[in-house]
Amino acid sequence: MNRLIRMFSTSIGRKLVMAVTGLILFVWLLGHMLGNMALFQGADSLNSYAAWLQGHPSLWVMRTSMLLVLAVHIYVALTLAMENRIARSSGYAVRTFQTSGSSRYMVITGGIVVFFLIYHILHFTLGVVTPEFHDGVDAAGNHDVYSMVVRSFQNPVLAGSYIVAMLLIGTHLLHATRSMFQTVGVNHESYNGTIRIFSQIAVALFVIGNCSMPILVLAGVIGLETR
Ligand code: HEM
């Protein structure tokens, strides 16, 4: 416990906390995307996957843990950004959190991620954005998540907002993955190029995978299923 508190009190320790919590969130995001890709297999597949998730005994443990990880990530990010600002205004040469421009950029794009998250939960989880699509039930008695997602993405404004959000979240992740490797000490001329490519591929998979859903619905490749 003491070690944990000591780690929090140093700048490098907090950067490490950022890296670890960021990595956990990124892995969750990739898992969420892979799960959502059941959309490509049709209504039965996505609806039974969603029903399995909603009924999982560890659902609330998972939700609470991820919320905690997100809260720590945001809190530490803001602390580091503030330290960086104070250091700059008092003319210190040492920067605590990436470069000042990048730090500001990460706070802004991070804010966009949080804004999207609230909007997204209001949309798909709570059904506030499109209540008319939210309460459907399929033939098996499961929540009709498939129709909710497809009908939402058939609306160009909603689909467009998701595509723009994924691109913005992608830029946050691109900067974040790069600085994460630097934080954990992987920063050397001979493999910086490989790191950059690795980060770009992981983030490109995230952006392409997530954008493919609204794009394929808008293009009419994925549509409502009639029985
Ligand atoms: C095109 C991209 C995405 C699609 C189609 C999508 C789809 C969904 C759907 C259908 C649900 C509700 C599941 C249910 O109630 O059964 C959901 C929940 C959620 N999504 Fe997404 N999502 C996308 C991207 C994202 C991104 C980028 C994030 C994070 C930044 C995210 C975070 C969440 C969270 C936190 C929940 C609530 C999970 C829970 O209820 O425990 N999603 N998403």
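Residues numbered from 1 in each chain as written. Predicted model: local features only at pLDDT ≥ 70, side-chain atom pairs only at ≥ 80, totals over all residues. Heavy atoms only, no water.

Asks: Quick question: what am I supposed to make of the overall build of the chain here?
Replies: The number of helices and strands found in the chain is 9 helices and 0 strands. Secondary structure of the chain in N-to-C order comes out as α-α-α-α-α-α-α-α-α. Counting only C-alpha atoms and orienting by the principal axes, one finds that the chain spans roughly 65 × 35 × 30 Å. Out of the 227 residues in the chain, the part that is buried amounts to 37%. Taking the intrachain contacts of the chain between residues at least 6 apart in sequence as the baseline, contacts between residues at least 24 apart amount to 70%. Surface accessibility of the chain: about 13300 Å² in total, with carbon and sulfur atoms responsible for 70%. (Helix = DSSP H or I, 4+ residues; strand = E, 2+ residues; numbered from the N terminus. Buried < 20%, exposed > 50% of the residue type's maximum accessible area, 1.4 Å probe, protein only. Contact = heavy atoms within 4.5 Å. Areas by Shrake-Rupley, 256 points an atom, 1.4 Å probe, with all protein chains shown as cover.)

Asks: Explanation requested: the pattern of salt bridges in the structure shown.
Replies: Side chains carrying opposite charge are able to pair once their charged atoms draw close together. Under the criterion given, the structure shown has 1 salt bridge. Arg-14 is the partner of Glu-83 in a salt bridge, and the nearest nitrogen-oxygen pair spans 2.0 Å. Of the two residues, Glu-83 is situated in helix 4 (residues 59-89) and Arg-14 in helix 2 (residues 11-36); the sequence distance between them amounts to 69 residues. The partly exposed category is assigned to Glu-83, whose relative accessible area is 23%. (Salt bridge = Lys/Arg side-chain N within 4 Å of Asp/Glu carboxyl O.)

Asks: What am I meant to see in the side chain of Ser-147 here?
Replies: As for its position among the elements, Ser-147 is in helix 7 (residues 145-153). For Ser-147, the side chain forms a polar contact with the side chain of Asp-144, separated by 2.6 Å. (Polar contact = N/O pair within 3.5 Å; in protein donor to acceptor, adjacent residues only side chain to side chain.)

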